[in-house]
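# Examination of the molecular architecture
Residues per chain, in single letters:
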Amino acid sequence: MNFGRSIRINKCGFVILGVLFTCILYYLWSSGTNNVSYTFGKNPNEINLRKLLIGSIQAAQHGGFEVVAVSKSRDLHEQSKGKTKEGANNPVTDADYRSNCVMKNGLLRIFPKLKIISEEDDRQEQCADVQLFDLDPTVLHESATVPDERVSIDDVAVWIDPLDATQEYTERLHEYVTTMVCVAIKGVPTIGIIHNPFLMKTTWAWRDRALSESLLNLKYDADVKHPTIIVSRSHAGAVKEQSKQIFGENAQVITAGGAGFKVLQVIQNNATAYLHTTHIKKWDICAGDAILGSIGGRMTDLHNENIAYQRDAPPLNSNGLLATALTVTHEAYIKRIVDSKVFIP
């Protein structure tokens, strides 16, 4: 046996080894991109908020695809979940369920340990053929500087509204319809996404970190002498009268459907405040709360208390709400509300 003879490796072997090594690296990279629990070398009990922002934007948009698709069918398969406190019908449609399937299951496929609180439960017969999604960083605009930031997954709760303004949706009033995702950290609404599927417009914000293009360079007038209050269509009569009592005869009151739409009207300077006087579910308002907080506005209940969105928080906010795009406006309006004693929940 000659130990001095050099060992020769076939060139084909080098190629095969190189291909295998490349495949392994790609697998580890793609796993880290699409599923935070399998990110190589990272703590599986932490979640990357940049990736969660991207996934949440995509969830809202893909839910919107389902909403639009169902709207084109002849039958929405509308059912009723009962009556609201104001006596209005509380409908649910195939679009609600299909949007929920893609939004909730799409996020859970990427972030399996995520705590998600949704307005709707999955209906398996509606989930069979929905198309889920993989993370696509291109949903962030080019000028957005979004940091990689990780937090404990136990501090995170995601609130989903797969179809806001279902009543208006059944009436074909599509301008009011939105899909929404909100990421709350330790109960604080931190990332908010409001997507209008029929306009294909997405508004998003990560508090103190990044904003969608539509939120850049916004300016608001701090004049509180000429309030324009946007309220719900479902109990407009009572709130119109109450608004005149609180804000005076100069107050203009406009009505609209959908909490997401009403928040957007405040953001877009079409209303100085969004007022809701009865109970409302937190998946309706969490995304708007996060966005308003990101641009210097505020949303509270009518006792001027912040609304909590912890993982174990009750889904019902029972003390109404006031939402404004400026904190100074909020302070002036909430003082009028408290001093008027019109609302004593």
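So, here's what we can say about the structure. Small disclaimer: the values here were computed from a predicted structure and weren't measured.

### Focus: the nonpolar core
Counting 37 residues, the largest nonpolar core has Trp159, Ile267, Tyr274, Ile285, Leu292, Met299 and Tyr309 as its most contacted members. For this core, the secondary structure elements donating two or more residues are strand 6 (156-164), strand 7 (178-185), helix 7 (259-267), helix 8 (282-294) and strand 17 (321-324). Of the residues forming this core, the biggest block, seven residues, is contributed by helix 8. If we ignore the near neighbours within four places in the chain, the residues touching Tyr274 are Ile230, Ala259, Lys262, Val263, Val266, Ile280, Leu321, Leu322 and Ala323. One finds Ala60, Met103, Ile110 and Val151 within the second-largest nonpolar core, a separate group that totals 32 residues.

### Some details on the state of the cysteines
Covalently bonding the sulfur atom of one cysteine to the sulfur atom of another cysteine gives a disulfide. All told, the structure shown has two disulfides when counted by the stated rule. Two residues share a disulfide in this structure: Cys101 and Cys127, whose sulfurs sit 1.9 Å from each other. A torsion of -70 degrees about the S-S bond marks the disulfide between Cys101 and Cys127 as left-handed. One end of the pair, Cys101, is in helix 3 (residues 94-110); the other, Cys127, is in helix 4 (residues 124-127), with 26 residues separating them in the sequence. Judged by its relative accessible area of 0%, Cys101 is buried. Residue Cys127 is classed as buried on the basis of its relative accessible area of 12%. The side chain of Cys182 participates in a disulfide bridge whose partner is Cys286; the two sulfur atoms lie 2.1 Å from each other. One quick way to see it: the torsion about the S-S bond of Cys182 and Cys286 is about -45 degrees, and its sign makes the bridge left-handed. Separated by 104 residues along the polypeptide, Cys182 in strand 7 and Cys286 in helix 8 bring together distant segments of the chain.

### Re the packing of helix 2 (residues 49-71) against helix 3
Running from N to C, helix 2 and helix 3 cross one another at 155 degrees; their axes reach a closest spacing of 8 Å. By the angle between their axes, helix 2 is roughly antiparallel relative to helix 3. Once helix 2 is placed against helix 3, the crossing between them reads as right-handed. The residues of helix 3 that touch helix 2, namely those facing Gly55, Ser56, Ala59, Ala60, His62, Gly63, Glu66, Val67 and Val70, are Asp94, Ala95, Arg98, Ser99, Val102, Met103 and Leu107. Class assignment for the residues of the contact of helix 2 with helix 3 results in eight nonpolar, five polar and three charged.

### Quick word on the pattern of salt bridges
Taken as a whole, this structure holds eight salt bridges when the rule is applied. Among the salt bridges present, the one from Glu46 reaches Arg150, with a minimum N-O distance of 3.3 Å. In this pair, Glu46 is assigned in strand 1 (residues 46-48) and Arg150 in strand 5 (residues 150-152), connecting sequence segments 104 residues apart. Judged by relative accessible area, Glu46 falls into the partly exposed class, the value being 28%. Taking the relative accessible area as the measure of exposure, Arg150 reaches 23% and is therefore partly exposed. The salt bridge partner of Asp134 is Arg109, with a shortest N-O separation of 2.8 Å.

### Let's talk about the pairing of strand 13 (residues 273-276)
Side chains Ala273 and Leu275 project from strand 13 onto one buried face, and the interleaved Tyr274 and His276 project onto a second face that is buried too. Where strand 13 lies against strand 17, three bridges are found, and the strand directions are antiparallel. Looking across to strand 17, one finds that His276 is bridged to Leu321.

### Examining unusual backbone geometry
Backbone phi values are negative for most residues with the exception of glycine, while trans is the configuration of most peptide bonds. Of note, Arg172 is a non-glycine position whose phi angle comes to about 65 degrees, a positive value. Residue class for Arg172 comes out partly exposed when judged on its relative accessible area of 40%. One non-glycine residue, Asn304, adopts positive backbone phi at about 65 degrees. Positionally, Asn304 belongs in the loop between strand 15 (298-300) and strand 16 (316-317). Relative accessible area serves as the criterion here: at 29%, Asn304 is assigned to the partly exposed category.

### A few points about helix 9 (residues 327-340)
Because the α-helix completes a turn every 3.6 residues, residues three or four places apart line up on one side. Between its first and last C-alpha atoms helix 9 spans 20 Å; for 14 residues at 1.5 Å apiece the expected length is 20 Å, and the two agree. Along helix 9, the positions that sit buried rather than exposed are Thr329, His330, Tyr333, Ile334 and Ile337. Relative to the axis of helix 9, the buried residues are bounded by an arc of 120 degrees and lie together on one face.

### What to know about the sheet that holds strand 8 (residues 188-196)
Pairing within the open sheet is mixed, and its six strands lie in the order 4-6-7-8-9-10. One side of each edge strand has no neighbouring strand; the edge strands of this open sheet are strand 4 (116-118) and strand 10 (210-211). As defined by bridge partners, strand 4 adjoins strand 6 across three bridges and the pair is classed as parallel. Across the sheet, residue Ile116 finds its bridge partner in strand 6, namely Val158. Docked against the sheet, helix 8 engages strand 4, strand 6, strand 7, strand 8, strand 9 (201-206) and strand 10, running at close to 105 degrees with respect to strand 8.

Criteria and cut-off values
- Residues numbered from 1 in each chain as written.
- Predicted model: local features only at pLDDT ≥ 70, side-chain atom pairs only at ≥ 80, totals over all residues.
- Heavy atoms only, no water.
- Core = buried A, V, L, I, M, F, W, Y, C linked by side-chain atoms within 4.5 Å.
- Buried < 20%, exposed > 50% of the residue type's maximum accessible area, 1.4 Å probe, protein only.
- Helix = DSSP H or I, 4+ residues; strand = E, 2+ residues; numbered from the N terminus.
- Contact = heavy atoms within 4.5 Å.
- Disulfide = S-S within 2.5 Å.
- Axes fitted to C-alpha atoms, helices over the stretch in contact; angles between N-to-C directions.
- Parallel < 35°, antiparallel > 145°, perpendicular 65-115°, else oblique.
- Left-handed = near helix turned anticlockwise from the far one by under 90°.
- Nonpolar A, V, L, I, M, F, W, Y, C, P; charged D, E, K, R; others polar.
- Salt bridge = Lys/Arg side-chain N within 4 Å of Asp/Glu carboxyl O.
- Pairing = 2+ DSSP bridges.
- Expected span 1.5 Å × (residues − 1).
- Arc of directions from axis to C-beta.

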